[in-house]
Amino acid sequence: MKNPKRLLVLVTATIALAASGASQAQNPGNGGTTFSGLQATVRPDDYLGKFIELSKAEAAATTTLSSALGLSAAARPPLDLSASTAEVAATVAASGAAQQQLQEAMSKPAALSDANKALFAGGALALAQVARDTNEMTKNLGAIKQNLALSGGRARVALYASRNTADVADKLRAELKAVVAFAAANQIALAPQVTEAAAAM
């Protein structure tokens, strides 16, 4: 049998690296800031790009958590800067459905193997990162939406994303708190950053 502690380290490091890539991304069009420094004048493609990065990070985290519980997550529609409003809407809907499925599964006791506990812990760490980053994107959101509404053209897709950011952040917050509660009830050790992030939201 593989060493559970070693497996936890490997899974956590791999998933956290993928998820934190979004929060560390620089934005030349926004003064080199990250999620916490978005200005009202952020360019539409820059805002949409960050929204897409977080959508992908959330999908990876939720899929990992679902896999740990033996759930099969439906494939998400791929997004890039050429996405339409309908494609962003489909991604947001798919995200909500996957989160609901996961939370329903976590409402029941589960007997997880050491390997699946390690997988769950890694997914939880990745989720905590994306939840923090998405929460940062809700700051200054009113002014950002106003700016995007005045931009016209392709900005309408970014505007749609901005109008959904607060709801996405709320769902991530609920998912993270459910993950922490499930871990506590099922003797799953989580990194301190996970419980700290949940307590701060």
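Residues numbered from 1 in each chain as written. Predicted model: local features only at pLDDT ≥ 70, side-chain atom pairs only at ≥ 80, totals over all residues. Heavy atoms only, no water.

Core analysis: the biggest nonpolar cluster contains 43 residues, and Tyr47, Val88, Phe120, Leu127 and Leu176 have the highest contact counts within it. Mapped by element, the contributors of at least two residues to this core are α2 (44-68), α3 (85-106), α4 (114-137), α5 (141-151), α6 (155-185) and α7 (192-200). Those residues within four positions of Val88 in sequence are excluded, and the remaining contacts are Leu48, Phe51, Leu79, Ala83, Val157 and Tyr160. (Core = buried A, V, L, I, M, F, W, Y, C linked by side-chain atoms within 4.5 Å. Buried < 20%, exposed > 50% of the residue type's maximum accessible area, 1.4 Å probe, protein only. Helix = DSSP H or I, 4+ residues; strand = E, 2+ residues; numbered from the N terminus. Contact = heavy atoms within 4.5 Å.)

Here we come to empty space enclosed by the protein. Going through the model one piece at a time under the given rule, you end up with 1 cavity of 30 Å³ or more. Approximately 160 Å³ is the volume found for the largest cavity. Lining the largest cavity are 15 residues, and of these Phe51, Ser55, Glu58, Ser95 and Val168 sit closest to its centre. If you list the elements that add at least two residues to the lining of the largest cavity, you get α2, α3, α4 and α6. The residue makeup of the lining of the largest cavity, split by class, is 6 nonpolar, 6 polar and 3 charged. (1 Å grid on protein atoms, 1.4 Å probe; cavity = no way out; pocket = protein on both sides within 12 Å on 5 of 7 lines; lining within 4 Å. Points joined across faces, edges and corners; volume = space filled by probe spheres on them. Nonpolar A, V, L, I, M, F, W, Y, C, P; charged D, E, K, R; others polar.)

To continue, consider the side chain of Thr62. Here Thr62 is to be found in helix α2. A distance of 2.9 Å separates polar atoms of two side chains, one belonging to Thr62 and the other to Glu175. Those residues in contact with Thr62, other than ones at most four positions away along the chain, are Arg76, Ala98, Gln99, Leu102 and Glu175. (Polar contact = N/O pair within 3.5 Å; in protein donor to acceptor, adjacent residues only side chain to side chain.)

Right, let's talk about the pattern of salt bridges for a bit. Counted according to the given criterion, the structure contains 5 salt bridges. A salt bridge links Glu58 to Arg76; its shortest N-O distance comes to 2.9 Å. Of the two residues, Glu58 sits in helix α2 while Arg76 sits in the loop between α2 and α3, which places them 18 residues apart along the sequence. Here Glu58 matches Arg76 in class, with each residue buried. (Salt bridge = Lys/Arg side-chain N within 4 Å of Asp/Glu carboxyl O.)

Of note, Asn164 is situated in helix α6. A distance of 2.8 Å separates the side chain of Asn164 from the backbone oxygen of Tyr160, its partner in a polar contact.

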